[in-house]
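# Residue-level structure breakdown
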Amino acid sequence: MVLIGVLIVIIGFIVRINPLLVVTAAGLATGLLAHQSLYDIIEQFGTAFTTNRYMAVFIATLPVIGLLERFGLREQAESVVAKIKAATTGRILTVYLIIREAAAAAGLTSIGGHAQMVRPLVAPMAEGAAEAKYGKLPDHVRDDIRAHSAAVDNIGLFFGEDVFIAIGAILLMKGFFDQNGIPSDPLHMALWAIPTAVAALIVHSIRLHRFDRSLHKLFHRENGKGEK
């Protein structure tokens, strides 16, 4: 019966109730069925919050980003890129991929992110470059550009962070090997992550170049139909 909290979470998510309420109800139900007092349950909630409060720091950045967007951050990003003739969607995303992966390799994993970097800056810049070259973008093209922008952030972070010796993934592997009596060195793990990171950078840069070509072909074909 103590595991009924898991069932409450599953049902709550299925019917799409507020996650905060679902998790709170699940915790209360589990604690009461485990014969804990209400005071002890609330105390555990407080302890868990204070222990992991740093996880919620990113929430403080959301109002700032919202204010910047309200006062024209996205529009400014688009207009600045539109003035650079050599800028293309693929080139802008490639530059951000290099920056994101290099920063993650140096341990600066918080320097990017979907909410604080991709949505307000990277995606508008990529869209602005495409609009400056091809004019008004259809919705499906705009969605493709945004998807590629988000993917660049994911790939740069995923393959870059393992190069940093003190990242969680390296420490987790180190602990696992130690528990199983396998000698390991975090420095060697980080060094062996470099070839993978470089390969990911090259492969995805090629994909972005191909994306540029696909955009060119798409609009060239549509312009040809329009002329006919």
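Scoring rules and cut-offs
- Residues numbered from 1 in each chain as written.
- Predicted model: local features only at pLDDT ≥ 70, side-chain atom pairs only at ≥ 80, totals over all residues.
- Heavy atoms only, no water.
- Domains from an automatic or database assignment.
- 1 Å grid on protein atoms, 1.4 Å probe; cavity = no way out; pocket = protein on both sides within 12 Å on 5 of 7 lines; lining within 4 Å.
- Points joined across faces, edges and corners; volume = space filled by probe spheres on them.
- Helix = DSSP H or I, 4+ residues; strand = E, 2+ residues; numbered from the N terminus.
- Nonpolar A, V, L, I, M, F, W, Y, C, P; charged D, E, K, R; others polar.
- Buried < 20%, exposed > 50% of the residue type's maximum accessible area, 1.4 Å probe, protein only.
- Polar contact = N/O pair within 3.5 Å; in protein donor to acceptor, adjacent residues only side chain to side chain.
- Contact = heavy atoms within 4.5 Å.
- Phe/Tyr/Trp six-rings, centres within 6.5 Å; stacked < 30°, edge-to-face > 60°.
- Axes fitted to C-alpha atoms, helices over the stretch in contact; angles between N-to-C directions.
- Parallel < 35°, antiparallel > 145°, perpendicular 65-115°, else oblique.
- Left-handed = near helix turned anticlockwise from the far one by under 90°.
- Patch = residues over 30% accessible without salt bridge, like charges linked within 9 Å, V, L, I, M, F, W, Y side chains within 5 Å.
- Areas by Shrake-Rupley, 256 points an atom, 1.4 Å probe, with all protein chains shown as cover.
- Salt bridge = Lys/Arg side-chain N within 4 Å of Asp/Glu carboxyl O.
- Core = buried A, V, L, I, M, F, W, Y, C linked by side-chain atoms within 4.5 Å.

## A short note on the domain arrangement of the protein chain
What the domain assignment lists for the protein chain is domain 1 (4-54) and domain 2 (72-223). The C-alpha-based centres of domain 1 and domain 2 are spaced at 36 Å.

## Describing the layout of surface pockets
To find leftover empty space, one rolls a probe the size of a water molecule over the atoms. The space that makes up the largest pocket amounts to roughly 210 Å³. For the largest pocket, the lining is made up of 16 residues, of which Thr88, Arg91, Lys133, His209 and Asp212 are closest to its centre. Breaking the lining of the largest pocket down by element, the ones donating at least two residues are α6 (89-105), α7 (114-134) and α10 (186-227). The element best represented in the lining of the largest pocket is α10, accounting for seven residues. Tallied by class, the residues present in the lining of the largest pocket amount to five nonpolar, seven polar and four charged.

## Re the side chain of Arg100
Note on placement: Arg100 falls in helix α6. On the basis of relative accessible area, Arg100 is assigned to the buried category, the value being 3%. Only 2.8 Å separates the side chain of Arg100 from the backbone oxygen of Thr109, close enough to count as a polar contact. Among the polar contacts listed, one links the side chain of Arg100 to the side chain of Asp153, at a separation of 3.0 Å. Excluding its chain neighbours within four sequence positions, the residues that come into contact with Arg100 are Leu108, Thr109, Ile111, Gly112, Gly113, Asp153, Gly156 and Leu157.

## A few points about the packing of aromatic side chains
As enumerated under the stated definition, the model contains three aromatic pairs in all. When the centroid spacing of 4.6 Å and the interplanar angle of 5° are considered together, the rings of Tyr134 and Phe219 count as stacked. Placement of the pair is Tyr134 in helix α7 and Phe219 in helix α10, with a sequence separation of 85 residues. A relative accessible area of 4% places Phe219 in the buried class.

## Let's talk about the packing of α7 against helix α8 (residues 139-161)
The N-to-C vectors of α7 and α8 enclose an angle of 135°; their axes lie 9 Å apart at closest approach. By the angle class used here, α7 and α8 are oblique. Like other packed secondary-structure pairs, α7 and α8 cross with a definite hand, here right-handed. Seen from α7, the contacting residues are His114, Val118, Val122, Ala123, Ala126, Glu127, Ala130 and Glu131; seen from α8, they are Arg142, Ile145, Arg146, Ser149, Ala150, Asp153 and Asn154. The residue inventory of the contact of α7 with α8, partitioned by class, reads seven nonpolar, three polar and five charged.

## Comments concerning a nonpolar patch on the surface
Taken together, the side chains of Leu3, Val6, Leu7, Ile10, Ile11, Ile14, Val15, Ile17 and Leu21 present a nonpolar region at the surface, about 900 Å² in accessible area. Top contributing element to the nonpolar patch by residue count: helix α1 (residues 4-14), with five residues. With respect to the helices, strands and loops of the structure, Val6 is situated in helix α1.

## Concerning the nonpolar core
Where a protein is soluble and globular, its nonpolar side chains tend to be buried together. Grouped together as the largest cluster of nonpolar side chains are 18 residues, with contacts concentrated most on Leu93, Leu137, Val141, Ile145, Val152 and Phe219. Elements that contribute at least two residues to this core include exactly α6, α7, α8 and α10.

## A few points about the pattern of salt bridges
As a working rule, side chains carrying opposite charge can pair if their charged atoms are close by. Applying the stated criterion across every chain yields a total of five salt bridges. Ionic pairing is found between Asp153 and Arg100, a salt bridge with its closest N-O pair at 3.0 Å. Residue Asp153 is located in helix α8, and its partner Arg100 is located in helix α6; the two are separated by 53 residues in the primary sequence. Notably, a salt bridge pairs Arg146 with Glu127, separated by 2.7 Å at the nearest N-O pair. Of this pair, Arg146 sits in helix α8 while Glu127 sits in helix α7, placing them 19 residues apart in sequence. Arg146 sits in the partly exposed class, given a relative accessible area of 37%. The exposure class of Glu127 is buried, given its relative accessible area of 0%. Bridged by salt links that share partners, the residues Glu127, Glu131, Arg142 and Arg146 form one connected network.

## Considerations on the environment of Phe13
Note that Phe13 resides in helix α1. Put simply, Phe13 and Val141 are 128 residues apart on the chain and 32 Å apart in space, counted from C-alpha to C-alpha. Discounting residues that sit within four places of it in the chain, Phe13 has contacts with Pro19 and Val22.

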